[in-house]
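# Remarks on the overall topology
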2 protein chains.
Amino acid sequence: MNVHIITIGDEILIGQITDTNSVWMAQQLNLHGARIQGMSSISDGMEDIVGTLERATKQADIVLLTGGLGPTKDDITKKAIAKFYETGFVFSQETYDRILHFFERLGRTTTEAHREQCFMPQNANLLTNKVGTAPGMWFDENGTVVVSMPGVPYEMKYLMEHEVLPRLVERFPVQPIAHRTIQTIGEGESRIAKRIATFENNLPENIKLAYLPSLGKVRLRLSGMGTNQEALEQQLDDLVAEVVPQISELVFGYERDNIEGVVGQLLKERGLTLATAESCTGGFVAHKITSISGSSAYFKGSIVAYDNSVKEGLLGVQAATLAEYGAVSEACVREMAIGVRKQLKTDIGLSISGIAGPTGGTPDKPVGTIWIAVSNGEQTVTRKLQLGKKRLLNIEYTSNQVLNMVRQLVLGVV
Amino acid sequence: MNVHIITIGDEILIGQITDTNSVWMAQQLNLHGARIQGMSSISDGMEDIVGTLERATKQADIVLLTGGLGPTKDDITKKAIAKFYETGFVFSQETYDRILHFFERLGRTTTEAHREQCFMPQNANLLTNKVGTAPGMWFDENGTVVVSMPGVPYEMKYLMEHEVLPRLVERFPVQPIAHRTIQTIGEGESRIAKRIATFENNLPENIKLAYLPSLGKVRLRLSGMGTNQEALEQQLDDLVAEVVPQISELVFGYERDNIEGVVGQLLKERGLTLATAESCTGGFVAHKITSISGSSAYFKGSIVAYDNSVKEGLLGVQAATLAEYGAVSEACVREMAIGVRKQLKTDIGLSISGIAGPTGGTPDKPVGTIWIAVSNGEQTVTRKLQLGKKRLLNIEYTSNQVLNMVRQLVLGVV
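Bear in mind the structure is a predicted one, so any value in this text is a computation, not a measurement.

### Here's the deal with the overall build of chain A
The helix and strand tally for chain A stands at 16 helices and 17 strands. Principal-axis analysis of the C-alpha atoms gives chain A an extent of 85 × 55 × 40 Å. When burial is assessed residue by residue, chain A has 44% of its 414 residues classed as buried. Counted over contacts in chain A with a minimum sequence separation of 6, partners at least 24 positions apart contribute 65%.

### Some points on the domain arrangement of chain A
Residues and elements named next belong to chain A. We note that the domain assignment places domain 1 (2–171), domain 2 (177–254) and domain 3 (259–411) within chain A. The C-alpha-based centres of domain 2 and domain 3 are spaced at 30 Å. Tallying the contact residues gives 8 residues for domain 2 and 10 residues for domain 3. In the side of domain 2 that touches domain 3, the residues fall into 3 nonpolar, 3 polar and 2 charged.

### Brief notes about the sheet that holds strand S12 (residues 251–254) of chain B
Pairing between the strands of a sheet comes from backbone hydrogen bonds, and it takes one of two forms, parallel or antiparallel. Residues and elements named next belong to chain B. A sheet is described by the order of its strands in space; here 4 strands give the open sequence S10-S11-S9-S12, paired in antiparallel fashion. Every interior strand has two partners, whereas the edge strands, strand S10 (207–214) and S12, have only one. The mean inter-strand angle of the sheet, taken between neighbouring strand axes irrespective of direction, is 25 degrees. Inspection of the sheet shows S10 paired to strand S11 (residues 217–225) by 8 bridges, in the antiparallel sense. For Lys-208, the partnering residue across the bridge sits in S11 and is Ser-223.

### Some details on the pairing of strand S17 (residues 380–386) of chain B
Alignment of strand S16 (residues 369–375) of chain B against S17 of chain B, held across 7 bridges, turns out to be antiparallel. Pairing of Ile-372 of chain B across the sheet is with Arg-383 of chain B, part of S17 of chain B.

### Looking at helix H3 (residues 46–59) of chain A
Residues and elements named next belong to chain A. Over its 14 residues, H3 runs 20 Å from end to end, which matches the ideal 20 Å to within 8%, given 1.5 Å per residue. Among all positions in H3, only Ile-49, Thr-52, Leu-53, Ala-56 and Thr-57 are buried. Axial view of H3: buried residues confined to an arc of 125 degrees, hence all on one face. Across H3 from its buried face, at more than 90 degrees, point the exposed residues Glu-47, Glu-54 and Lys-58. Check the buried side of H3 and you find it contacts strand S1 (2–8), strand S2 (35–42), strand S3 (62–66), helix H4 (77–85) and strand S8 (144–149).

### A closer look at the pairing of strand S15 (residues 348–354) of chain A
All names here are of chain A. Along S15, 7 of the 7 residues are buried, which leaves the element largely enclosed by surrounding structure. Along S15, one buried face is formed by Ile-348, Leu-350, Ile-352 and Gly-354 and the opposite face, lined by Gly-349, Ser-351 and Ser-353, is buried too. By the bridge criterion, 5 bridges tie strand S13 (residues 274–278) to S15 in an arrangement that is parallel. Bridged to Thr-276 within S15 is Leu-350. Bridging between S15 and strand S16 (residues 369–375) involves 6 bridges; their strand directions are antiparallel. Pairing of Gly-349 across the sheet is with Ser-375, part of S16.

### Regarding the interface of chain B and chain A
If you look at the interface, chain B gives 42 residues, while chain A gives 42 residues. Here the side of chain B that touches chain A gets 7 residues from one element, more than from any other, and that element is strand S14 (residues 299–305) of chain B. Two strands pair when backbone bridges link them, and S2 of chain A and strand S2 (residues 35–42) of chain B are joined in this way by 5 bridges, in the antiparallel orientation. Paired with Ile-42 of chain A across the two strands is Gly-38 of chain B, which belongs to S2 of chain B.

### Overview of the relation of the copies chain B and chain A
Overlay of chain B on chain A (RMSD 0.2 Å): rotation 180 degrees, translation along the axis 0.2 Å. The transformation relating the two chain copies, once decomposed into turn and shift, fits a two-fold axis. Residue by residue, 100% of the interface of chain B is reproduced at the interface of chain A, so both copies engage with the same surface.

### Some words on helix H16 (residues 391–411) of chain A
All names here are of chain A. For H16, spanning 21 residues, the distance from its first C-alpha to its last is 31 Å, which sits close to the expected 30 Å at 1.5 Å a residue. Among the 21 residues of H16, 15 are classified as buried, and the element is accordingly described as predominantly covered. Phi for Gly-412, located one or two positions after H16, is positive at around 70 degrees.

### Some points on the packing of helix H3 (residues 46–59) of chain B against helix H4 (residues 77–85) of chain B
Residues and elements named next belong to chain B. Interhelical geometry of H3 versus H4 gives an angle of 50 degrees and a closest axis separation of 9 Å. Relative to H4, the element H3 is oriented oblique. Read as a crossing pair, H3 and H4 show a hand that is right-handed. Contacts between H3 and H4 involve Met-46, Ile-49, Val-50, Leu-53 and Glu-54 from the first element and Thr-77, Ala-80, Lys-83 and Phe-84 from the second. A per-class count over the contact of H3 with H4 returns 6 nonpolar, 1 polar and 2 charged.

### Things to note about the nonpolar core
Membership of the largest hydrophobic core comes to 108 residues, with the highest contact counts inside it found for Met-336 of chain A together with Met-336 and Val-406 of chain B. When sequence neighbours within four positions are dropped, the list of residues in contact with Met-336 of chain B reads Ala-277, Ala-305, Lys-311, Leu-315, Val-317, Ser-351, Ser-353 and Ala-373 of chain B.

### As for the sheet that holds strand S13 (residues 274–278) of chain B
Pairing within the open sheet is mixed, and its 10 strands lie in the order S17(A)-S16(A)-S15(A)-S13(A)-S14(A)-S14(B)-S13(B)-S15(B)-S16(B)-S17(B). In the strand order of this sheet, the two ends are held by strand S17 (380–386) of chain A together with S17 of chain B, each with one partner. Taken over all neighbouring pairs, the strand axes of this sheet differ in orientation by 10 degrees on average, direction set aside. The strands touched by helix H15 (residues 330–343) of chain A are S13, strand S14 (299–305), S15, S16 and S17 of chain A; relative to S15 of chain A, the strand with the most contacts, the crossing angle is about 145 degrees. Of the strands in this sheet, S13, strand S15 (348–354), S16 and S17 of chain B touch helix H16 (residues 391–411) of chain B, which is tilted by about 25 degrees from S16 of chain B.

### Thoughts on the environment of Ala-320 of chain B
Residue and element names in this part refer to chain B. With respect to the secondary-structure elements, Ala-320 resides in helix H14 (residues 319–325). Residue Ala-320 is classed as exposed on the basis of its C-beta count, with 9 C-beta atoms lying within 10 Å. With 203 residues separating them in the primary sequence, Ala-320 and Gln-117 have C-alpha atoms 73 Å apart.

### Quick notes on the environment of Ser-291 of chain A
Mapped onto the fold, Ser-291 of chain A is located in the loop between helix H12 (284–290) and S14. For Ser-291 of chain A, a count of 19 C-beta atoms within 10 Å puts it in the partly exposed group. Along the backbone, Ser-291 of chain A and Gly-261 of chain A are 30 residues apart, and their C-alpha atoms lie at a distance of 9.0 Å. Once you skip the residues sitting within four places of it in the chain, Ser-291 of chain A turns out to touch Glu-260 of chain A together with Leu-392 of chain B.

### Topic: the packing of helix H11 (residues 259–270) of chain B against H16 of chain B
Relative placement of two packed helices is described by the angle separating their axes and the distance separating the axes. All names here are of chain B. The geometry of H11 relative to H16 is characterised by a closest axis approach of 10 Å and an angle of 30 degrees between their N-to-C directions. As the angle between them shows, H11 and H16 are arranged roughly parallel. Relative to H16, H11 is oriented so that their crossing is left-handed. Touching Ile-259, Glu-260, Val-262, Val-263, Leu-266 and Arg-270 of H11 are Asn-400, Leu-403, Asn-404, Val-406, Arg-407 and Val-410, all from H16. Tallied by class, the residues present in the contact of H11 with H16 amount to 7 nonpolar, 2 polar and 3 charged.

Conventions we followed
Residues numbered from 1 in each chain as written. Chains lettered and ligands numbered in written order. Predicted model: local features only at pLDDT ≥ 70, side-chain atom pairs only at ≥ 80, totals over all residues. Helix = DSSP H or I, 4+ residues; strand = E, 2+ residues; numbered from the N terminus. Buried ≥ 20, exposed ≤ 12 C-beta atoms within 10 Å, placed from the backbone. Contact = placed C-beta atoms within 7 Å. Domains from an automatic or database assignment. Nonpolar A, V, L, I, M, F, W, Y, C, P; charged D, E, K, R; others polar. Pairing = 2+ DSSP bridges. Axes fitted to C-alpha atoms, helices over the stretch in contact; angles between N-to-C directions. Expected span 1.5 Å × (residues − 1). Arc of directions from axis to C-beta. Least-squares fit on C-alpha atoms with pLDDT ≥ 70 in both. Parallel < 35°, antiparallel > 145°, perpendicular 65-115°, else oblique. Left-handed = near helix turned anticlockwise from the far one by under 90°. Core = buried A, V, L, I, M, F, W, Y, C linked by C-beta atoms within 7 Å.

Encoded structure:
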């Protein structure tokens, strides 16, 4: 399954939008065993589209196009495809009925342009688009599949998931393929690799292990090819069950889990509440927690104590602590975590104080020195991070680490 | 100036990273009067690179390549270019000295691979890369310019800004071109267009106006082509001076300004301090404010009062207010803004309370109902937003609006 992805439209060529469609399609196709041979972004000019189609269909088994299916004049993908196949148009009453119904539901009326949208190349198999007006089109000529989809990301994704990927898998049967992702936090990829070296060296030939690091998190992805889907899934499950105990305190989730969601779920299950006391992260940890819908069930709030007077006044940090150790110190984050827990009357308090950068460091506390703490009243755990000079990266990295400490505290694996 | 952009490397084809280089390059090139004819992402295979170069140099005046210049085996861009030009290699002592110096400064040693990196195609003009090891390469044969740069974004950007763009402008003299961006917040693009319709209709033919909306902000970009650069710059300055007074209360900045930076600068200049009281934004406004390095000069902190007990306990919201009007009400945000100002002893307090979604609405307070307020002690201003159902978009949109209200309050244009 060799695939070429073509993105049509001037928005990308003038740098107005970033092409996130192609990367998403590439990910999905890779997971289904396809190889992306190339990607092209082109203008919505007739020659460009036809020329690129001619070249791409020679190099790839599958050509996926997005964009240029709207009702306006500059949307000429359909005409270009018809020209490429030297075919005419036929009116699709089914599509027209669907568009009429779609607009009726929105309480809006259609225009003549929408009727025009319903003329389709004669050799097109229409793919029903339940989230927009323009249907997808599937062509299968001379051994090559060409698929045209709208450029609107959620319409493209809908069509890929419900229509295109299932058909491709049927049309180009590949070896059964499967994946497992293990989400970890707390150690870098080289240290993890060292810990599971034996496991990795003994992996069967049909299984590959990839390390995907980002901001203090490392995803481990096991990808396998087999002859029998069920056996392959079982093989992967067995491997996951084998490796996870070797790094169990690092593993916070699987597949698309994120740390703020996992921690939230854990707090909810245990009926625990959380508050944050933030200095250098400036509210970012609270933002991540509350980016989860339903977080009000366990999150009561945060005191962003950017100024030392707030650390003293609302969090109860001792003036003597600040004078002796400074705000960026173990003693300070300890008092902050304990203080916010009391002040907001929660089961758990977390705290952060550091120098996010890019400036503000001193010889003994360079930029990137960040202390974090979590407390449940009985136990208060602290940790020092020594990061780089990039402010936003430091903030995100720290947020991941401190949320993981909450998880470890709740689970008793701190 | 017709440009083709080629991105080399498997990271993009397997969907591991999003290609943000191409969009940035496209933006810069467009601003310099170039037209992007197409973009290609290809693997680091010899045939792919040579074939794409052959095609692109036929279609474009300028071909820009990124990626594949590193010291590892799969980085074969240089070899492919040499094959394309049918030329040999020559050792660049200058480059080698620079790499040695670069590593010395980092306290690291070079490997044989770094020496290999210094063999360059004979017809390459080297572009000095002061932020990495691999230099850029400039080729100019048969009327077409080919430029190869590293794929690391900050290295590519350094080379584009300091070496490539200045040379392109000299090599392909275009009509003088210039731009001005006006940053607005508070009204949508169609309302702004209505207000400045006369201005827009009377624009000289050499000037174009574009509206670039995002999350409640609208950038107005005036682009002009002229015969004399100085006269064109003056013409644009005059047009900006003409249009800004027509929408003055909406204009918060120019060019790359952002609202959190502009508000911060304003507070710093006036010696004012700020605190935030956040419910549904969950700390995001505090995060935006503190994303600016140096914000501790004017930002004292935030109380994220996700739970009503925190609104009462720390912000002094009356139990009667919550009982009678609920947390999502004008009365509540008014008391929150006044309360946080007192509690954190700042000149200005801002507050937000609403239903960020996607669930949690009621018939009279549907999802997206969000109240915001700002107070300076003498004056408290409130506003109601009625947004959609997308949680993160609502949070970002609200953040922009409430920061703009702080600006308006300080300037007395509320």
